[in-house]
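# Chains, contacts and geometry: an overview
Letter by letter, the chains look like this.
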Amino acid sequence: MLAEISKNTFLYASQNKALNKAAKKWGLRFGASHVVAGMTIESAIKKVKHLNEKGLVCTLDHLGEFVSSKEEALEATDYNVKTLESIARAGVNSNLSVKMTQLGLDISRDFCVANMRKILDTAKKTNNFVRIDMEDYSHCQITLDILKELRETYDNVGTVIQSYLYRAEQDVKDLNGIPLRLVKGAYKESPDVAYQDKKDIDENYLRIIKEHLLSGSYTAIASHDHNIIAKVKEFAKDQNIPNNQFEFQMLYGFRTDMQLNLVREGYKMRVYVPFGDDWFGYFMRRLAERPQNVAFALKGLFSK
Ligand code: FDA
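Going along each chain's sequence as written, the residues are numbered from 1 onward. Residue-level local features of this predicted model are given only where pLDDT is at least 70; pairs of side-chain atoms are given and counted only at 80 or more, and the full residue set underlies all totals for whole chains, interfaces and linings. Neither water nor hydrogens contribute to the side-chain values; these are computed over all heavy atoms in the structure.

An unreviewed UniProt entry lists the protein under the name proline dehydrogenase, with Peribacillus saganii as the source organism. UniProt positions are given in the numbering used here, feature names are shortened, and annotations may be inferred rather than shown by experiment. Heading Catalytic activity (unreviewed entry) of the UniProt record for the protein holds this comment: "L-proline + a quinone = (S)-1-pyrroline-5-carboxylate + a quinol + H(+)". The UniProt entry for the protein carries the following text under Pathway (unreviewed entry): "Amino-acid degradation; L-proline degradation into L-glutamate; L-glutamate from L-proline: step 1/2."

Now the structure itself:
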């Protein structure tokens with residue numbers, strides 16, 4: 001009961017515009033530096049280098065979402081272009097993750113697609129890949145429509161499917177051949193569109209992972225759940241699915257021992273490395289997911 005209240009509070013805070021705006025001025029607080037790799041590209045690239053040295057590959061995410069002015073969306077687009085250029089210049093092993101609402105999806109679809117094309121052109125030039133993160137349900141269909149449109153020109157773009165959505169299995173079938181990151185889902189969604197029960201979400205998660213792996217498509221399994229990871233390894237072995245057809249992904253600062261163990265076992269392990277001043281919404285969602293994270297947040301509250 002208490003856990004549910006705190007989860008809902010964090011999820012509510014994650015989408016509160018005033019708090020997100022205020023937090024930009026605070027700098028990384030409440031222990032956020034455990035899970036956010038600094039405020040600048042330079043600090044994030046440094047962290048990526050360090051992770052690469054340990055055998056981990058990365059995906060960088062310049063934090064930001066639900067942007068409501070064209071100016072901000074253009075700034076975010078430029079920042080993403082610069083991030084790709086910095087990755088190439090530094091020679092680090094990282095691709096890029098972006099959110100459509102950061103690029104102006106809530107302002108205009110065409111404007112957002114034009115911004116995305118600028119990013120994908122740079123990714124093409126620098127031989128890199130861009131993942132469109134999946135946001136809340138209200139942006140799901142339009143994100144998939146945009147992905148399909150972009151795939152007509154670019155082969156270096158993929159997206160994310162959330163297993164809590166009833167539609168996930170059909171979406172995975174429709175996107176056969178496109179590289180997908182499969183996750184459980186991080187937003188608060190209505191029972192009209194999403195499973196609410198962990199058991200149902202986990203079952204659907206394994207179902208869509210198996211489906212995408214068996215189709216021969218490249219699959220990223222993004223989860224900190226040791227049970228899911230163990231089942232994926234077992235399934236891949238049983239079905240003779242080669243290690244180079246899938247990768248595991250985890251968030252920066254989470255289960256670092258398990259990340260390194262997967263590398264030692266010969267699996268590709270990608271760390272999602274968020275950075276930038278728009279850290280609040282991301283951080284609140286992480287607190288909502290795992291009440292234990294609140295402990296380090298509270299420590300951070302008193303240490304800074
Ligand atoms: P879950 O939170 O269900 O935990 C299952 C079990 O694993 C726990 O009960 C516990 O035993 C163990 N566990 C989990 N975390 C642990 C920890 N830190 N330490 C110890 N044990 C732990 N979501 C979305 O909606 N859109 C997106 O684009 C993305 N992108 C994305 C990228 C990457 C790389 C990751 C890892 C995740 C996302 N997500 C996401 C978030 C995702 O949807 C989901 O909310 C979180 O990953 C939490 O679910 P898990 O599968 O990690 O396990």
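### So, the packing of helix 3 (residues 41–53) against helix 4 (residues 70–90)
Here an angle of 0 to 180 degrees is reported between the N-to-C directions of two axes, which are lines fitted to C-alpha atoms, with helices fitted over the stretch in contact. Strands here are runs of E lasting at least two residues and helices are runs of H or I lasting at least four, both read from the DSSP assignment and numbered beginning at the N terminus. Two numbers describe how helix 3 lies on helix 4: the axes approach to 11 Å, and their chain directions differ by 40°. When the axes of helix 3 and helix 4 are compared, the pair comes out oblique. The interaxial crossing formed by helix 3 with helix 4 has right-handed handedness. Contact residues: helix 3 offers Ile41, Ile45 and Lys49, while helix 4 offers Tyr79, Lys82, Thr83, Ser86, Ile87 and Ala90. Roughly parallel covers angles under 35 degrees, roughly antiparallel covers those over 145, roughly perpendicular covers 65 to 115, and oblique covers all other angles. Should the near helix be turned anticlockwise from the far one by less than a right angle, the crossing is termed left-handed; should it be turned clockwise, right-handed. Pairs of residues are marked as contacts when any of their non-hydrogen atoms sit within 4.5 Å.

### A few points about helix 10 (residues 256–264)
The buried label applies to any residue whose accessible area, calculated with a 1.4 Å probe on protein chains only, is under 20% of its type's maximum; exposed applies above 50%, and partly exposed to all values in between. Listed as buried for helix 10 are Met258, Gln259 and Leu262. Take helix 10 and look down its axis: the buried residues cluster within an arc of 105°, on one side only. Set apart from the buried face of helix 10 by more than 90 degrees, the exposed residues are Asp257 and Arg264. For helix 10, the elements touching its buried residues are helix 9 (226–238), strand 7 (246–251) and strand 8 (269–275). Directly beyond the C-terminal end of helix 10, a positive phi value near 95° is found at glycine 266. The arc in question is the one spanned by the directions pointing from the helix axis to the C-beta atoms.

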